[in-house]
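Chain by chain, the residues:
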There are 2 protein chains.
Amino acid sequence: MFNRLTTQLLKELTDIVGSHCINTDEERLEVYSHDEVKGEKYKHMPEAVVFAESTKQISKVMAFANQHLIPVTPRGAGTGLSGGAVPIKGGIVLSLERMNRIVELDEETLTITVEPGVITDEIQKMAAASGLLYAGDPCSSDASFIGGNLAENAGGNKVVKYGPTGDHVMGIEVVLPDGTVDFFGGKLVKNVTGYDFINLMVGSEGTLGIITKIILKLIPLPEFTVDLLVPFKTVEEAIAFVPKIMIEAHTIPASLEFMDNASLRLAERFLNNELPYSDSAAHLIIGIEGNGREQVADEYEKIGQMCFKYGAQEVFVADNRNTREKIWKARKSIAEAISAFYPDFCMEDVVVPINKIPQLMSFVNELSQREHIETVNFGHAGDGNMHVTFLSAEKTDKIWNDKVEANLKQLYKRVLELGGTLSGEHGIGIKRMPYLPMALSQSQISLIKRVKRAFDPNDILNPGKIC
Amino acid sequence: MFNRLTTQLLKELTDIVGSHCINTDEERLEVYSHDEVKGEKYKHMPEAVVFAESTKQISKVMAFANQHLIPVTPRGAGTGLSGGAVPIKGGIVLSLERMNRIVELDEETLTITVEPGVITDEIQKMAAASGLLYAGDPCSSDASFIGGNLAENAGGNKVVKYGPTGDHVMGIEVVLPDGTVDFFGGKLVKNVTGYDFINLMVGSEGTLGIITKIILKLIPLPEFTVDLLVPFKTVEEAIAFVPKIMIEAHTIPASLEFMDNASLRLAERFLNNELPYSDSAAHLIIGIEGNGREQVADEYEKIGQMCFKYGAQEVFVADNRNTREKIWKARKSIAEAISAFYPDFCMEDVVVPINKIPQLMSFVNELSQREHIETVNFGHAGDGNMHVTFLSAEKTDKIWNDKVEANLKQLYKRVLELGGTLSGEHGIGIKRMPYLPMALSQSQISLIKRVKRAFDPNDILNPGKIC
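As the structure is a computational prediction, the values presented were derived from the model and not from experiment. (Residues numbered from 1 in each chain as written. Chains lettered and ligands numbered in written order. Predicted model: local features only at pLDDT ≥ 70, side-chain atom pairs only at ≥ 80, totals over all residues. Heavy atoms only, no water.)

1. So, the sheet that holds strand E10 (residues 210-217) of chain B
Strand-to-strand pairing in sheets goes through backbone hydrogen bonds, with the strands running parallel or antiparallel. All names here are of chain B. Strand order in the open sheet formed by 5 strands is E5-E6-E10-E8-E9, with antiparallel pairing between adjacent strands. At either margin of the open sheet sits one strand with a lone partner, and together these are strand E5 (102-106) and strand E9 (181-185). Pairwise comparison of adjacent strand axes, ignoring direction, gives a mean angle of 10° for this sheet. Two strands pair when backbone bridges link them, and strand E6 (residues 111-114) and E10 are joined in this way by 4 bridges, in the antiparallel orientation. Across the sheet, the residue bridging to Ile-112 is Leu-216, located in E10. (Pairing = 2+ DSSP bridges. Helix = DSSP H or I, 4+ residues; strand = E, 2+ residues; numbered from the N terminus. Axes fitted to C-alpha atoms, helices over the stretch in contact; angles between N-to-C directions.)

2. Observations concerning the domain arrangement of chain A
Residue and element names in this part refer to chain A. Annotation of chain A at the domain level lists domain 1 (7-98), domain 2 (102-220), domain 3 (224-334) and domain 4 (342-431). Taking only C-alpha atoms into account, the centre of domain 1 sits 31 Å from that of domain 4. The partner domain 4 presents 12 residues to the 11 residues of domain 1 that form the contact. Here domain 1 and domain 4 share an interface that buries about 940 Å² over both sides, 64% of which is from carbon and sulfur atoms. Considering only the side of domain 1, the residues that lose the most area to domain 4 are Lys-38, Leu-81 and Ser-82, jointly responsible for 59% of the buried surface there. On the surface where domain 1 and domain 4 come into contact, there are 0 salt bridges. (Domains from an automatic or database assignment. Contact = heavy atoms within 4.5 Å. Buried area = accessible area lost by both parts, 1.4 Å probe. Salt bridge = Lys/Arg side-chain N within 4 Å of Asp/Glu carboxyl O.)

3. Looking at the sheet that holds strand E4 (residues 92-95) of chain B
Residues and elements named next belong to chain B. One open sheet accounts for 4 strands, arranged E1-E2-E4-E3; its pairing is mixed. In the strand order of this sheet, the two ends are held by strand E1 (22-23) and strand E3 (72-75), each with one partner. In terms of strand pairing, E1 meets strand E2 (residues 48-51) through 2 bridges, oriented antiparallel. Note on E2: the bridge partner recorded for Asn-23 is Val-49. Across the face of the sheet, helix H3 (residues 55-68) comes into contact with E2, E3 and E4 while running at roughly 165° to E4.

4. Structural notes on the nonpolar core
Of all hydrophobic cores here, the largest spans 173 residues; its most connected members are Ile286(A), Phe455(A), Ile286(B) and Phe455(B). Per-element accounting of this core gives the leading share, 7 residues, to helix H8 (residues 235-248) of chain A. (Core = buried A, V, L, I, M, F, W, Y, C linked by side-chain atoms within 4.5 Å. Buried < 20%, exposed > 50% of the residue type's maximum accessible area, 1.4 Å probe, protein only.)

5. Re the pairing of strand E13 (residues 255-260) of chain A
Residues and elements named next belong to chain A. Across the 6 residues of E13, 6 count as buried, placing the element largely inside the fold. Both faces of E13 are covered, namely the face carrying Ser-255, Glu-257 and Met-259 and the face carrying Leu-256, Phe-258 and Asp-260. Two elements, E13 and strand E14 (residues 282-290), share 6 bridges in a ladder whose sense is antiparallel. The residue bridging Glu-257 from the neighbouring strand is Ile-285, located in E14. Sheet topology note: the E13/strand E18 (residues 374-380) ladder contains 2 bridges and is antiparallel. The partner of Phe-258 across the bridge, within E18, is Gly-379.

6. Description of helix H8 (residues 235-248) of chain B
All names here are of chain B. Here H8 is 14 residues long and its end C-alpha atoms lie 20 Å apart, about the 20 Å a rise of 1.5 Å per residue gives. For H8, the principal kink sits at Val-242 and spans about 30°; a proline, Pro-243, occurs within the next four residues. Restricting attention to buried positions, one finds in H8 the residues Ala-238, Ile-239, Phe-241, Val-242, Pro-243, Ile-245 and Met-246. Looking one or two residues beyond H8, the residue adopting positive phi is His-250, at roughly 60°. (Expected span 1.5 Å × (residues − 1). Bend = angle between axes of the 7 residues up to and from the residue.)

If you want it as C-alpha cells, here you go:
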C-alpha cells in the first residue's frame, strides 16, 4: 500500500528540502519514534525526519509524498499521550520544531498569529505582556507546541471556563495531503462561509492536513487571579463537592482541578517541595479570575465558605504569584513525576458528565482494589475529565499488559455507562484505537473513514490513527 | 438525477408517516416554498411537506428518500436569511415544527436537552427560571427554532462574549441521509473521541444530516445586566469607538450592537415607539453583565466615561427590565421592519476583523452614494458582523436585481480585501452561492463537495446549497 523511501526517493526528497532539513541517522530517528506514551508497542522508527522551515517546503514534501505514496506523520514537541505522532507506517516524520515564530500580536483585533512550533507558554507570556490572555492552558504548556495543542484539541486547566483549544482558534493555514495550501477562517469572531473546517482540523490528530499557521483569539487579561488549594479528608468529599461549586456558588471558576494523595505525593517528590496538608486524601485547586478586586474577593470567600460546609479541612488562598506558581507547578508536574518514578504506566483521559465524577471515582477505587492494580488519579474535575492512571512499580511484561488491557475495558465500559467517553483531551491516536468501537457506532467510524478519504484519498497523512 | 414524488411514491410515503403528518395542498406548500429572503428567484415549491413527529419517523423518511432519490429539505421556523430551507430541487420539505419539546433541563450538568423545533426564546426563558443562561441570542429568538440556529450556526447579540450557537452545543442526535440515527457528543464539556462532527454539522445548513435532538450548555445566569444606549453624531465616531471598548476598557461586553439612523427610524416606525436621540446618526448598544453589583457599575461607568471621551452625545443607562426590553425590542425588530416597509431588499451579513469596521462602513457609504442605492446598516459591531442592507422603495425588476448584484460584488470584494468574509451568521444557502468562489479557493470548495459526498453520497439532503 505504501512505498518505502528508497535511496533514489531519499535523494529526491533531500533535493527538495535541502540536506540541512533532513536526517536519517538511527540515533536521531529513535527520538522521533515515540511520544510520551510508555511501552515498546507504541514505538515505530521513521525512515527519515524532515525539519520543515516553511509552508512552501511542507507543500513540496506533501506533493512528493502523495505522488510516491510515502506516509508522512506530522510532529510537534512529541509530548502527546496517545501515540498520535508515532510513524507507525514508517515513512517521513515531519517535525514542525523549526517553525517556531510568533508572527504577530495584533492588539486591535485581539489576536495572535503563530507558527505551529511555538511553545504554548510563550504565547501565554507574550499575550500577558500586552495585558491579554491566551486561555489555552494544557499542563504541558512549558513544552508542548501550539500545533500539537490544535492537533489534539488540548484541554488543560482552564477549559471549565474558556473551553478547549479549538474555542480559541480563529484561522488556520493548512497544507493538505496533496500539497495544496489553504487558509480557513481569519481574524474573524464568526464565519459561516462554508463548512467549519477549522474545528474539523482541530482534534483530527494530523490526519487531515498539516497546520502551518494559526490565528488565536485573545481576551483581556483578568486583573485579579486567586487560586484556592483545598484539602479534603476523603476523595469522596472532594469529588462530591466539584459539581456543587458550579451549581450552588452560581459561578464557573477559571480552573477546578483534582489531585488524589498519591498524585500529590508524586509531585512533591519530583519537585522536592512540600504542599500543605500532604496527608490529606485529596486536594482541589479552584481558580478564580475577575476584574474587580472586591468581586474576586467576594467570589473566593463565597466558595471558601462552601468548601468548609462540604467538609474541606482548610482553604489556602494563593493570591500572589509565588504561592500560585507553587500550586500549579505541583499540579502540572504530576504526569512528568509518574513518568520519572514508574517503569511503566497507563495514563487515561476519560471524561464524564460532571455530576457523574463521584460514581466514576468510586468505580476506579473498587477496580483498583479488586484487580490489585496501583492507581493514581488526578485531573480536570471541573469538566469531568479525569486522568485515571494505572501504575507498575516494576518493569512490565505481557501479564501486566494484558491486565491493563482488561482494566481499561472495564474502565471504558463504566465511563460509557455514565454517559462519558474515552478521551477528553489526549486523543485516540494508536493507544485508544482498539477501544474506539466501544464508544462510537459503526456508522460514526465509517463517517470518520469517509471524511478522512475526502481529505486524503491516498491515506498518506498520519496513516493508521484514530480508526 | 432526482426522482419526482409520483402518485405511487406519495402513497408509500403517506403510509410511512401517516396521513396526519403529510400535506400536498398547493396553498400549504406555498408557505414552505421560501424563507425570509425576498424575491421570486428564492422561492421553490416542494412536492410534499412532512411534519415529522419523531426521530424514528425521520429515519424512515430518509431511508425512503435515499432509496428513491427524492430530495429532502429540512426546515425549522423558516426565518432563514439565505434560502437555506428552500427546496430548490423539489421533493419533500421536512418540517421540524412538531418536534418542539424541551426534553430535560439538567441543573447538575448545566445542560438543557431539546428537540429542534423549540423556539430559542423558550430555551432562554426556561434556563433563566432556573438561574441559568442559554447564551445563544439571535435577533430572531422569538420566532426561530433552535434547530435552525444550529443549522446556520446563528450568531446574534451575545457572540462577542459567548461565541456563536456552535459554542453552546455539547451533543446532537442526527439522522444521516441514509436513515441511520447517530449521537455525537453528550453532556460533556470536552471530547476528542474521533473527529468533531458536532461543529461540522453546526452551520452545514442541513446538508449533512437532520439534527433531531440537541444538548446545550448552560452557564450561571449573571446576576446583574445593564445596557447602555449611546447615540453618536456621526456613524464614523460610533464605529471607530467599537474596537476601542475591547482594547482600552480591558473588557469584553456581553453585547455591542450598532444601528444607523435609518435602521433606528425603521424600528421606531414599526414599533410605534420612540427611542432617545432618534436624530442621531448612529446608536450603539453596549451590554454589560456580571455578578457583583458594584463590579457591573464600575464597568459601565468606565465604559460610559470612554463613550464621552470618544464623542458620544449621551449615555443612557438601562438597568431595569422595562428600559432594557425597549432597547432590545428596537434592535431586534429592524429586520422585520425592513421587510414590512420595503417591497424588496437585500440584507447582507458580511463580517470583517473588528478593527476594519470603520473602513467597511466608509466603503458602504461611498458605494451607496456612487451607485445611488438606498442602504440601511446595523449589526453586531462587536464581532465585526454588519448587516449592510440594500433597499428598494418600489416593486423591483431586473434592473434593480442587476444593480444589487453588481453592488454585492463590490461589497464582497472590499470585505475580502479587509480580511473578512461573506457571511457571519446567515449562511450561504442559495443566496450567496454564486459568490462563494470569491471567498473560498477551488480546493476549499472541492473539499466541501467531497465531505458532503462522504455524508450524503446520493446528494438527497438539501441539495443545491452552499456550493
